[in-house]
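Report on the structure
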Amino acid sequence: MTLIKQQPATQNHPVKQLFILAILLLFSFSCHKDEIPEPEDEEVVVEETGCGGIYETIITYIEGGTYESGSYLAAYPGSWWTFSNEDHLTCEMGSTDIIKFISRNYETCEEFYNYTNMNLPQIIGNYTRTSGDGFVYADSILVDIGEEIVHTEIAQQISTEIGSQWHEFIDNTHAYENPWYTFYPEREVIEHYDSLELPNGNWFYDVLEIHQVLQYDGKDGEWLGGYYHLFYANEIGLIWEKNILVPSYDRYLEDYYIAPH
C-alpha cells in the first residue's frame, strides 16, 4: 500500500481577509469628497479718521525764479504812490515762499505742502483793502490763507477783457468751525477808459475799471462784506479806490513816481 502524505492546511486566510479589508477602506476614503463650508458674510467697517473727508489737489505749480509785475499793477521796484487819505506805498524787490497745499492723509490727517521760493516785486503798504502788503506776480497778488499752516493763493487782480469775472481766491479757513463761514472776493471788469479824471482834477490815460465784491457764505446764509470800484491806469497802477458801502474809505492818487523798468 502506497501512503500519500497530506500537506497541512494553510494558516494565512485571516491575513488575506484583513489585507483585502484595508484596501477596501482605503479606496472608500479616497472616494469620499470633503464638504467645503460656505463663506460667511464679511462686515466692511469704514474707519472714521476725523478729517471729515476734506482734501484738495493743487494743479497749478510755479517754478522758482524772478518774476515781474504786469503793467496795470505797475509794481516796479523803486516806485512809490501817495493817496488822498495819506496812504503811502512803496515797491521793492523781495523774496517769498509760495506754499501750496497738496493733499491730506486720511489715516493720519497729516497735510502735505510744497514750497517754491520766488523773487517778486513787493508793494509795501495797503495796496487794496483786502490785500495789504503784497508780493506781485504778473497781474496777481499773493494772498496767504490759513492760521496754523498757511498756503498761498495767487489772487488775480487784472483782466483786460471787458465783462470778464473771476474769484480772486476762496478762503475756507473758517468753513469747518461752528459757526462757520467761507470768504470769497469776486472781481469783474466793467469798463476801459481812454482817459479818466480823478476828484482832484488829475487826468490818467488807458484806465481799467474793476468792481470787487466781498462775499461771505456762512451758517446763517450769505452777506455782503464790501463793494468797491477800483481804477487802474496802465504803467501807473491803482489810481482810485471807491468804497460803495462806506464812502469815507475812498482814496485817490495824489502823487507818484514810477521807477525806470
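The following refers to the structure shown. Everything quoted here is computed from the prediction, not taken from an experiment.

In the sheet, strand S9 (residues 181-197) pairs with strand S10 (residues 203-218) via 15 bridges, with the strands oriented antiparallel. The partner of Arg 187 across the bridge, within S10, is Gln 212. Once S9 ends, the chain turns through 5 residues before running back antiparallel as S10, passing Gly 201 with a positive phi of about 90°. Pairing analysis gives 12 bridges linking S10 to strand S11 (residues 221-233), with the strands arranged antiparallel. From the neighbouring strand, Gly 218 faces S11, where its bridge partner is Gly 221.

It is worth spelling out the pattern of salt bridges at this point. By the definition in use, this model includes 3 salt bridges. Here Arg 187 and Glu 168 are joined by a salt bridge, their closest N and O atoms 3.4 Å apart. Note that Arg 187 is positioned in strand S9 and Glu 168 in the loop between strand S8 (165-167) and S9, a separation of 19 residues in sequence. Each of the two residues, Arg 187 as well as Glu 168, counts as buried. Across the pair Arg 251 and Glu 241 runs a salt bridge whose closest N-O atoms are separated by 2.7 Å. Note that Arg 251 is positioned in strand S13 (residues 251-257) and Glu 241 in strand S12 (residues 237-243), a separation of 10 residues in sequence. By relative accessible area, Arg 251 is classed as buried at 0%. We classify Glu 241 as buried; its relative accessible area is 1%. Residues joined in a network through salt bridges with shared partners are Asp 87, Glu 241 and Arg 251.

What counts and how
- Residues numbered from 1 in each chain as written.
- Predicted model: local features only at pLDDT ≥ 70, side-chain atom pairs only at ≥ 80, totals over all residues.
- Heavy atoms only, no water.
- Pairing = 2+ DSSP bridges.
- Helix = DSSP H or I, 4+ residues; strand = E, 2+ residues; numbered from the N terminus.
- Salt bridge = Lys/Arg side-chain N within 4 Å of Asp/Glu carboxyl O.
- Buried < 20%, exposed > 50% of the residue type's maximum accessible area, 1.4 Å probe, protein only.

Everything listed is a geometric property; what it means functionally is a separate question.
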